[in-house]
Amino acid sequence: MNNVVRVKAPKWTIIKRRVLDIGKWVFLFAVIMLLYFPIIVIIIQSVNKNVQGTYFSGFTLEWYKRMFRDEDLMRAIQNTISIAVLATLISTVLGTIFALGINSLNSRRRRQMIILNNVPVLNADVVTGVSLFFIFKFFGVFVGREFILGYETMLIAHVFFCIPYVVLSVLPKLNEVDKNLYDAALDLGCPPLGALMKVIIPSIRTGIFTGALLAFTMSFDDFVISYLVAGEEVKNFSMWIYASQRAAGRTLAWPKAYAYNAIISLVVLLILIIYNIVLIKKQKRERKVRVNLS
Amino acid sequence: MLVFILIPIVLLFVISFLEMRSLNFASARFSFAAFSKTFNSVYINAFVKSIVLAAIATAFCILIGYPLAYIVSTLNIANRFSFLLILIMPMFTNMLLRVNTINKLLRPESFLKNLFGISLNISGSETAVVLVMVLMYLPFMVFPIFTVLEKIDPSLLEASRDLGANNFKTFLKVTLPLSLKGISSGIIMVFLPCATSFTIPYIVSEGKMKLIGNIIEDKMGLGNVITTDYPVGSLLSIIILIAVMGSLWLISKIDAEGETLL
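Residues numbered from 1 in each chain as written. Chains lettered and ligands numbered in written order. Predicted model: local features only at pLDDT ≥ 70, side-chain atom pairs only at ≥ 80, totals over all residues. Heavy atoms only, no water.

Within chain B, the regular secondary structure consists of 12 helices and two strands. Secondary structure elements in chain B, listed N-terminal to C-terminal, are α-β-β-α-α-α-α-α-α-α-α-α-α-α. Here chain B holds 262 residues, and 53% of them are scored as buried. Restricting to contacts in chain B with at least 6 residues of sequence separation, those with at least 24 account for 68%. (Helix = DSSP H or I, 4+ residues; strand = E, 2+ residues; numbered from the N terminus. Buried < 20%, exposed > 50% of the residue type's maximum accessible area, 1.4 Å probe, protein only. Contact = heavy atoms within 4.5 Å.)

Attention shifts here to the confidence of the model for chain A. Reading fine detail from the predicted coordinates is not recommended where pLDDT is low. Of all residues in chain A, 94% have pLDDT values of 70 or greater, and the mean over the chain is 83. Confidence scores differ between elements of chain A, with helix α1 (residues 2-8) of chain A showing the lowest mean pLDDT of 50 and helix α4 (residues 71-103) of chain A the highest of 91. (pLDDT = per-residue confidence, 0-100.)

With that out of the way, let us pick up the nonpolar core. With 150 residues, the main nonpolar core has Phe 134 of chain A together with Ile 200 of chain B as its most contacted residues. Among the elements that line this core, the one with the most residues is helix α7 (residues 126-151) of chain B, at 16 residues. No fewer than three residues from each of domain 1 (74-240) and domain 2 (245-294) of chain A sit in this core. (Core = buried A, V, L, I, M, F, W, Y, C linked by side-chain atoms within 4.5 Å. Domains from an automatic or database assignment.)

As a measure of interface size, the accessible area lost when the parts come together is often cited. The interface of chain A with chain B comprises 84 residues on the first partner and 77 residues on the second. Across the chain A to chain B interface the summed buried area is about 7800 Å²; carbon plus sulfur atoms make up 77%. Among the residues of chain A in contact with chain B, Leu 35, Leu 122 and Phe 134 of chain A are the three that bury the most area, contributing 9% of the side total. Where chain A packs against chain B, one counts zero salt bridges. At the boundary of chain A with chain B, the tally comes to five residue pairs in polar contact (both at pLDDT 80 or more). When residues in the side of chain A that touches chain B are grouped by element, the largest group, 16 residues, is from helix α2 (residues 10-46) of chain A. Looking at the side of chain A that touches chain B, its residues break down into 60 nonpolar, 18 polar and six charged. (Buried area = accessible area lost by both parts, 1.4 Å probe. Salt bridge = Lys/Arg side-chain N within 4 Å of Asp/Glu carboxyl O. Polar contact = N/O pair within 3.5 Å; in protein donor to acceptor, adjacent residues only side chain to side chain. Nonpolar A, V, L, I, M, F, W, Y, C, P; charged D, E, K, R; others polar.)

Residue and element names in this part refer to chain A. Split by domain assignment, chain A resolves into domain 1 (74-240) and domain 2 (245-294). For domain 1 and domain 2, the distance between their C-alpha centres works out to 24 Å. At the interface, four residues of domain 1 touch six residues of domain 2. Both faces considered, domain 1 and domain 2 share a buried interface measuring about 580 Å² in area, 73% of it formed by carbon and sulfur atoms. Run the count over domain 1 and domain 2 and you get zero salt bridges. At the junction of domain 1 and domain 2, the tally comes to zero residue pairs in polar contact (both at pLDDT 80 or more). Tallied by class, the residues present in the side of domain 1 that touches domain 2 amount to four nonpolar, no polar and no charged.

A separate point is the pattern of salt bridges. Residue and element names in this part refer to chain A. Counted under the stated rule, the structure contains five salt bridges over all chains. Residue Asp 21 is joined to Lys 24 by a salt bridge in which the shortest nitrogen-to-oxygen separation is 3.8 Å. Taken together, the residues Asp 21 and Lys 24, both in helix α2 and three residues apart, mark about one turn of the helix. Its relative accessible area of 22% is what places Lys 24 among the partly exposed residues.

Attention shifts here to the side chain of Ser 238 of chain A. Its place among the elements puts Ser 238 of chain A in helix α12 (residues 237-246). Once you skip the residues sitting within four places of it in the chain, Ser 238 of chain A turns out to touch Asp 221, Asp 222 and Phe 223 of chain A together with Asn 94 and Leu 96 of chain B.

Residues and elements named next belong to chain B. Taken as a whole and judged by the stated rule, the model has 14 aromatic pairs over all chains. Ring geometry for Tyr 137 versus Phe 140: centroids 5.8 Å apart, planes at 45°, classification tilted. Residue Tyr 137 and its partner Phe 140 are located together in helix α7, separated by three residues, close to a single helical turn. A residue is classified by how much of its surface remains accessible, and Tyr 137, at 9% relative accessible area, is buried. (Phe/Tyr/Trp six-rings, centres within 6.5 Å; stacked < 30°, edge-to-face > 60°.)

Here we take up the environment of Val 119 of chain A. Tracing the sequence through the fold places Val 119 of chain A in helix α5 (residues 107-122). On the basis of relative accessible area, Val 119 of chain A is assigned to the buried category, the value being 10%. Placed 42 residues apart in sequence, Val 119 of chain A and Phe 161 of chain A show a C-alpha to C-alpha distance of 9.6 Å. When residues no more than four places from it in sequence are discounted, the contact partners of Val 119 of chain A are Ile 5 and Leu 248 of chain B.

What follows is about helix α3 (residues 62-69) of chain A. The periodicity of an α-helix, 3.6 residues per turn, causes residues three or four places apart in sequence to face the same way. Residue and element names in this part refer to chain A. The set of residues buried in α3 consists of Trp 63, Tyr 64 and Met 67. Buried residues of α3, viewed axially, fall in a sector of 100°; they line one side. Along α3, the residues that are exposed and aim more than 90 degrees away from the buried face are Lys 65 and Arg 69. (Arc of directions from axis to C-beta.)

Glancing now at the packing of α7 of chain B against helix α9 (residues 167-196) of chain B. All names here are of chain B. Relative orientation of the contacting elements α7 and α9 amounts to 150°, with a least axis distance of 8 Å. When the axes of α7 and α9 are compared, the pair comes out roughly antiparallel. Of the two elements, α7 crosses α9, and the hand of that crossing is right-handed. (Axes fitted to C-alpha atoms, helices over the stretch in contact; angles between N-to-C directions. Parallel < 35°, antiparallel > 145°, perpendicular 65-115°, else oblique. Left-handed = near helix turned anticlockwise from the far one by under 90°.)

What follows covers the confidence of the model for chain B. Residue and element names in this part refer to chain B. Confidence in the prediction of chain B, expressed as mean pLDDT, is 79, and 77% of residues score 70 or more. In the model of chain B, strand β2 (residues 29-30) stands out as the element of lowest mean pLDDT, 62, in contrast to helix α3 (residues 41-74), which has the highest, 88. Our summary of model confidence lists the complex with pTM equal to 0.84 and ipTM equal to 0.81.

With that settled, consider a positive patch on the surface. Residue and element names in this part refer to chain A. A cluster of basic side chains, namely Arg 205, Lys 281, Lys 282, Lys 284, Arg 285, Arg 287, Lys 288 and Arg 290, defines a positive patch on the protein surface. Sort the elements by how many residues they give to the positive patch and helix α13 (residues 253-293) lands first, with seven residues. Classification of Lys 284 as exposed rests on a relative accessible area of 55%. (Patch = residues over 30% accessible without salt bridge, like charges linked within 9 Å, V, L, I, M, F, W, Y side chains within 5 Å. Areas by Shrake-Rupley, 256 points an atom, 1.4 Å probe, with all protein chains shown as cover. Lys, Arg positive; Asp, Glu negative; His and termini not counted. Charge placed at Lys NZ, Arg CZ, Asp CG, Glu CD.)

Once that is clear, we can look at a nonpolar patch on the surface. All names here are of chain A. A cluster of nonpolar side chains, Ile 81, Val 85, Leu 86, Leu 89, Ile 90, Val 93, Leu 94, Ile 97 and Phe 98, forms an exposed patch at the surface whose accessible area comes to about 720 Å². Assignment of secondary structure puts Leu 89 in helix α4. Note on Leu 89: relative accessible area 55%, which makes it exposed.

In structure tokens:
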């Protein structure tokens, strides 16, 4: 059937394919533009002299200077970064251990544990936040500290909601690991812990790395859960923004936030570009090796 | 893990049956007050509105996200992974800030108008809320669909073509059914956060629109102190939790390893 059509009207098919091809790229480009437009606007606004941001009235770096002078904002940024780093480290280690544990279970128990692991992933942020809020509050009543909410509770909450992402990205890699490798290491006289560190961990490295990256992204951008469990004193960057949103007339806050975000976007972009260059170089090298071998 | 997952559910359940001013168990007593307070028209309307808006946003996410994931998965470039990174990158920009920026563009007097002469003037409306939801959660629809499309064996598509189906029919009979798993994960990943989001309606409508998330926020004593009512807050959380449990069950049926949740 297809062949008949092709013989009858080859030109038409070619044109159709061209149009589809162009349409495909236009669509991709449009969606990407839609996703990136706010970020481009943020970067433009961060160097805009106009406070309201309705006009572009000239280039300035004033907001970047003010951002570093704003103690409240700087503290919020410090909290965001330190919590993201700590939560990533702790949850990557704990998540990997959990994944190893889940992987060693029989299939029924394994299914149950994965369902349990998925609860925080699927749960609405508000509900997670509310539950953690009650847990911390009651623990506070229990140990006699009414104002328990703060930096520590925020860190625990972040570790809690980051762990499942690490588990989810490590598990598939663990599935691919050949079980005989571990046994072979044991047979060759390696102690269990050594076998784990030397055989299993290196082979699930990419999964651990993806998990850590996800955990960092989640923690870095979190608002709802932090907002519910951090109390009134400690703020991360999202909470600082929300506070600015709530307090009417704090228009000066926005350009500073734009400046901070422009810096973050540029850093991420830089990391991505470097990563891609490294990746391309690696692929080229591999191809060369393959050519030499053949 | 168990401590943080199962105990809170029990705790929420207990609190919703109590009547208390603050978190003080001594003055708390058993009552159904929270139930009668929760099931009044204001909250039910908020629930219905949240569900409707989130459903519309989810539908748009499928309409845009599926073709996007499909196109990316058929691309012939060496590094499809970096294409996904392009999608992830906007997520490093703070979500609240992105919502706020988009909202400012939707105002009658905006950067857009002064730059291109386009005045959208839909700020604060339900359309604006849905638009912002779609822009925020689109990547969460694309990823799971992309994951399952990647895994489809190309020989299946070849087989279908060899058996005489055209491209469209192959897509309808082979690709689409095989990617349903990703679509359902995507729906859950987009619908739940959209329906329970309180920041998007708050920022877009400047506090005027009350969706279910905003009500919980008020009841938890975060908006302001007067509206604090922990039992009602926990009861509303439990209602959402039931929906979450439903989707958990669904996920455990279609995707036991949780591959599409990342």
